[in-house]
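# Notes for the structure review
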Amino acid sequence: MKRNLITFAIGAMLVVVFALLLFVFQVRQSEVAVVTTFGKPVATHTNAGAYFKLPWPIQKVYKFDQRIQNFEDKYSENYTRDNVTLLASVYVGWRISDPSRFLLTIRNGSMVDAQQKLEGILRSAKIAVIASNELSSLVNPDPQQLKFEEIENKIKATVQAQLATNNIGMSVEFLGFKKIGLPDSVTQTVFDRMKSERQQWISKYDSEGNAEAQKIRSAAERQAAETVAQAELQANQIRAAGEAEAAKTFTVFQQNPELANFLLRIDALQKSLNQKSTLVFDERTAPFDLFTHLPTNSPAK
Amino acid sequence: MDRNIQKNGLVNLAAAILIFIAAFAVTVFSNSLSGQAASVFLGLAVLVTFASWFQMRLEESERLERLEVEDMARVKGEAALFQSKESELFPARRAREQFEKFIVPAFAILLFILEGGGAFLLWRYVHKNTHVIAPDRAMSSLALFAIFALLLFLLGRFSVTIARLEGHRLLRPGASFLLAAAYVCFGSALAIAGVKTEFASADLWVARALCVLLALMAVEVLLTLLLEIYRPRVRGKVARPLYDSRVIGLLAQPESLFTTAAQTLDYQFGFKVSETWFFQVLKENLPLLLLAQFAVLILSTSVVFVEPGEQAVLEHFGRPSATLDSGAHFKLPWPLDRVYRYRTDQIQTFVVGYVPDAESEKANIILWSTTHAKEENFLVGNRATATVQTDNDTTSTLKAPPVSLITVSIPVQFQITDVRAWAYQNADPAAMLQNVATREVVQFLSGQDLGDVLSDARLVAAQRLQSRIQGAADDCHLGVKILFVGLQDIHPPVGVAGDYERVVGAEQQMIAKTNTAVAAAIRTNTLSGAMAFSATNVAEAFRIQRATAAAARAALFTNQIPAFEAAPSVYKQRAYFQAFADSTKNARKYILLTTNTEDVVILNLEDSIADMLNRVNVPTE
């Protein structure tokens, strides 16, 4: 009896579980559910909670994520209006805006299929918008010429318009460039140009260094010459002042010009003779005349 | 009763075929890995039920044949009857014996190949397959597998019970297989339920477990085949069919394990352990205990422990009802209430601009000219070329666009501040935040000049980027706070970094040259100053000396006048001789004493005095 009761309880529990699985479904806050009856959408549940349904194959429930989906397209090559090949990748925040339409237009409501369709539309819009702008509209240090956000908005508007035309129940919430770059071959040319710019700087610094050094040296030499010249001038003036000062004493010598001249000659004689002088005298020169007139002690003849 | 067993075998076979086809269809429909493994089991069940049914038919034919022979023997007499060969008298028995001798081992070998090969191929398929169960198909697949499990269980259980009766042994292999297949289907249903809830890998793990079970079955069949070679053949003893798997029997009827265990314990302890009250209670209440364990398992889902640094969103029938902080919380059991956890307090980080490379990051020095990660090049404006490039450049076929390239590595640290916004606004908020941050970096750099970014703009860039990323994240309702944006690693790409370093070198050399020149200028100016000072001082000394000397001479002259006037000639002579003596004191002097004034005396003043003196003719008196 006890065993039967347990068996019955387990059976009843399984029946309840199966019944719940067949007749009830849950919708999460992040989800939206579309209920179809024999394939035809009859209800859309956007609010979270538990809902009743008829068992399969009468009714079927399709659940979709109603949150914003993140999608990045491929990093693909584009051509700008000024004939530059530009690689660009765009990310998109999109969501299911009309679940019933989404279910009808996308095979099995597959997110993968939906993103494949979005990718096609997005790529077409991206190529078209980039082709109508110059590279300087995307990359430019001048804020007046930079149209980065404007280009993004144009792509978004183009994609949004196409999605609306297709009426596939999807909408784009936001869009932005994930990456922009250049193909390898163009990258190499940019590298070469950047290197040449650096080379310009190297030459500039090198020549500027030499020039500046030259300037500093010549300025210093000029200043030194000026300083020395000024000093010479001042020295001459000082000497002249000394001469002038000395000249004031000349009146004293005028008291006896003969003596003064004699003393000047004596003075000149003294200055003109120095240690290395070699003098040649004859016996008539005083005091050497003493050699000839010197008296001797020898007896007279 | 004998007719029923064959019918039972046929019903089992038909049910196995139908459920196998249905299960295979559901597997294709749901893309369930465990469903695929269950389909393989059901396929094997079809083969085994067919084999057992066929053998039942042969035994039945043999039985009818035996009855006919017995009737004939009664009518014609035994002696006449047994004059014929035995094989002629019992063709059905002969057929059954041939079947058991050749077909059953061959079938066992086929089973081994199918089980072993199936396990191997299924294992490989399970590991390579990246498909997931479509969410919208999970619930219907789950329900269907549960129905298959229920049907197989009822049929298998009934057949197993009948197979216990004497003479119905051939029903056992198929019945066990059906019962085991019921459990396998139930396991698949549970796996799909796991995928539908929080255990996304449940399907994979159940599929792996079934692969292991298949492999075990293959090993068992192999061992049975080997042992069959050495099994002693005792006439009259009924052998167990080779395709009757003990592993499957154990799986289908675990209570047989209980009996085996009881017998083992009895043997080990030497008394009837299986008759003790504990063992009996355990045996009687095993289903209840299992049910209680299941109830405890469900109840355990009513308690939630949120780890430190985490927050959890509690969903009641899918609707967020509360945000749980770290600690213990009670909730309704799964699947009524569900909990989703998020790391809210923990600071999370991602990097814009490069993919870390473990090998490169081992280096202790980070140089611009050495790759230290998988770096990406970002486009940045170039003010110089933007203006210069308007000229027609015909020198190269591939003109460089008026932009430059730069490498950045920007770590972004953030914290989840609004867990519900993080959970419910974006399907993949982490990827979205990274995209938004990358976009802000791309836009920021595209509007900057390369030179500015590498110099002064860097100082304000981090703050600007942080506020812009925060603004973009708020626009996307990500519910995060951007804590830090690092700009420690912005540099030219590796390909041109060396040239940038050389520019720095050239700039330093320029400064060095200037400094050297300044040093030389200082030296020149200092020396010139000294020379000027010296010149003026010499002149000053001259002036002083000149004036002083003049004054002194004047004073001397004033004093000399009286002396001169007193004795002019004497004074002169005296002064002359005094000056002569003083002046010529150290001078070399030649005094020529000659009477003949017309003599020419030649003195070579370059010769040394000794030689010259030797050659001079000294006059003699």
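A short tour of the structure in this document, coming up. Please read all numbers here as calculations on a predicted model, not as lab measurements.

Rules used in this analysis
- Residues numbered from 1 in each chain as written.
- Chains lettered and ligands numbered in written order.
- Predicted model: local features only at pLDDT ≥ 70, side-chain atom pairs only at ≥ 80, totals over all residues.
- Heavy atoms only, no water.
- Helix = DSSP H or I, 4+ residues; strand = E, 2+ residues; numbered from the N terminus.
- Buried < 20%, exposed > 50% of the residue type's maximum accessible area, 1.4 Å probe, protein only.
- Contact = heavy atoms within 4.5 Å.
- Areas by Shrake-Rupley, 256 points an atom, 1.4 Å probe, with all protein chains shown as cover.
- Buried area = accessible area lost by both parts, 1.4 Å probe.
- Salt bridge = Lys/Arg side-chain N within 4 Å of Asp/Glu carboxyl O.
- Polar contact = N/O pair within 3.5 Å; in protein donor to acceptor, adjacent residues only side chain to side chain.
- Nonpolar A, V, L, I, M, F, W, Y, C, P; charged D, E, K, R; others polar.
- Axes fitted to C-alpha atoms, helices over the stretch in contact; angles between N-to-C directions.
- Parallel < 35°, antiparallel > 145°, perpendicular 65-115°, else oblique.
- Left-handed = near helix turned anticlockwise from the far one by under 90°.
- Phe/Tyr/Trp six-rings, centres within 6.5 Å; stacked < 30°, edge-to-face > 60°.
- Pairing = 2+ DSSP bridges.
- Patch = residues over 30% accessible without salt bridge, like charges linked within 9 Å, V, L, I, M, F, W, Y side chains within 5 Å.

## Side note on the overall build of chain A
When its secondary structure is counted, chain A shows nine helices and 10 strands. The proportion of buried residues among the 301 residues of chain A is 43%. Here the contacts in chain A between residues at least 6 apart in sequence split such that 63% fall between residues at least 24 apart. Carbon and sulfur atoms form 55% of the exposed surface of chain A, whose accessible area is close to 16,700 Å².

## Quick look at unusual backbone geometry
Between Ala286 of chain A and the following residue, Pro287 of chain A, the backbone shows a cis peptide bond with an omega angle of 5 degrees. As for its position among the elements, Pro287 of chain A is in the loop between β10 (278–282) and α9 (290–293). Even without being a glycine, Asn83 of chain A presents a positive backbone phi close to 65 degrees. Even without glycine at this site, Phe317 of chain B takes up a positive phi of about 50 degrees. Within the secondary structure, Phe317 of chain B is located in the loop between β2 (310–316) and β3 (319–324).

## Points about the interface of chain A and chain B
Counting residues at the interface gives 118 residues for chain A and 124 residues for chain B. In total, chain A and chain B occlude about 10,800 Å² of area from one another, counting both sides; carbon and sulfur atoms represent 69% of this. The interface formed by chain A and chain B holds seven salt bridges in total. Among the salt bridges present, the one from Asp267 of chain A reaches Arg553 of chain B, with a minimum N-O distance of 3.2 Å. Viewed at the interface, chain B and chain A are joined by 24 residue pairs in polar contact (both at pLDDT 80 or more). For the side of chain A that touches chain B, the leading source of residues is helix α6 (residues 184–247) of chain A, giving 39 residues. The residue inventory of the side of chain A that touches chain B, partitioned by class, reads 60 nonpolar, 28 polar and 30 charged.

## A short note on the packing of helix α8 (residues 257–272) of chain A against helix α19 (residues 568–583) of chain B
As a packed pair, α8 of chain A and α19 of chain B sit with axes 9 Å apart at the nearest point and diverge in direction by 15 degrees. Classified by the angle their axes make, α8 of chain A and α19 of chain B are roughly parallel. Taken as a pair, α8 of chain A and α19 of chain B cross one another with a handedness that is right-handed. Between α8 of chain A and α19 of chain B, the residues in contact are Glu258, Leu259, Phe262, Ile266, Leu269 and Gln270 of chain A and Tyr571, Lys572, Ala575, Tyr576, Ala579, Asp582 and Ser583 of chain B, respectively.

## Some details on the packing of α6 of chain A against helix α18 (residues 494–566) of chain B
At their nearest, the axes of α6 of chain A and α18 of chain B sit 8 Å apart, and the two run at 5 degrees to each other. Here α6 of chain A lies roughly parallel to α18 of chain B, going by the angle between them. Of the residues assigned to the contact of α6 of chain A with α18 of chain B, the class counts are 32 nonpolar, 14 polar and 18 charged.

## Description of the packing of aromatic side chains
Under the criterion given, the structure shown has 21 aromatic pairs over all chains. With 5.2 Å between their ring centres and 80 degrees between their planes, Phe64 of chain A and Phe102 of chain A make a pair best called edge-to-face. Of this pair, Phe64 of chain A sits in strand β5 (residues 59–65) while Phe102 of chain A sits in helix α2 (residues 99–105), and the two are 38 residues apart along the sequence. No difference in accessibility class separates Phe64 of chain A from Phe102 of chain A, as the two residues are buried. When the centroid spacing of 6.2 Å and the interplanar angle of 55 degrees are considered together, the rings of Phe153 of chain B and Tyr183 of chain B count as tilted.

## Describing the sheet that holds strand β3 (residues 40–45) of chain A
Residue and element names in this part refer to chain A. Reading across from one edge, β3-β2-β5 is the order of the three strands in this open sheet, with antiparallel pairing throughout. Two strands bound the open sheet, and with one partner strand each, they are β3 and β5. Direction aside, neighbouring strands of the sheet carry axes that sit 25 degrees apart on average. Pairing of strand β2 (residues 31–37) with β5, which is carried by seven bridges, proceeds in the antiparallel orientation. Its bridge partner lying in β5, Glu31 is registered against Asp65.

## Concerning the pairing of β3 of chain B
Residues and elements named next belong to chain B. Both β2 and β3 contribute to a ladder of five bridges, which runs antiparallel. Across the sheet, residue Val313 finds its bridge partner in β3, namely Thr323. Where β2 folds back onto β3 in an antiparallel hairpin, the turn is made up of two residues, including Phe317, whose phi is positive at roughly 50 degrees.

## Topic: a nonpolar patch on the surface
All names here are of chain A. On the surface, a cluster of nonpolar side chains totalling about 730 Å² of accessible area is made up of Val16, Leu20, Phe23, Val24, Phe38, Phe52, Leu54 and Ile58. A per-element tally of the nonpolar patch places helix α1 (residues 2–23) first, with three residues. With respect to the helices and strands, Val16 occurs in helix α1.

## As for the pairing of strand β10 (residues 403–416) of chain B
Residues and elements named next belong to chain B. For β10, the tally of buried residues reaches 12 of 14 residues, placing the bulk of the element in the interior. One ladder, built from five bridges, connects strand β6 (residues 348–352) with β10; its direction is antiparallel. Paired with Phe350 across the bridge in β10 is Val412. By the bridge criterion, five bridges tie strand β9 (residues 377–381) to β10 in an arrangement that is antiparallel.

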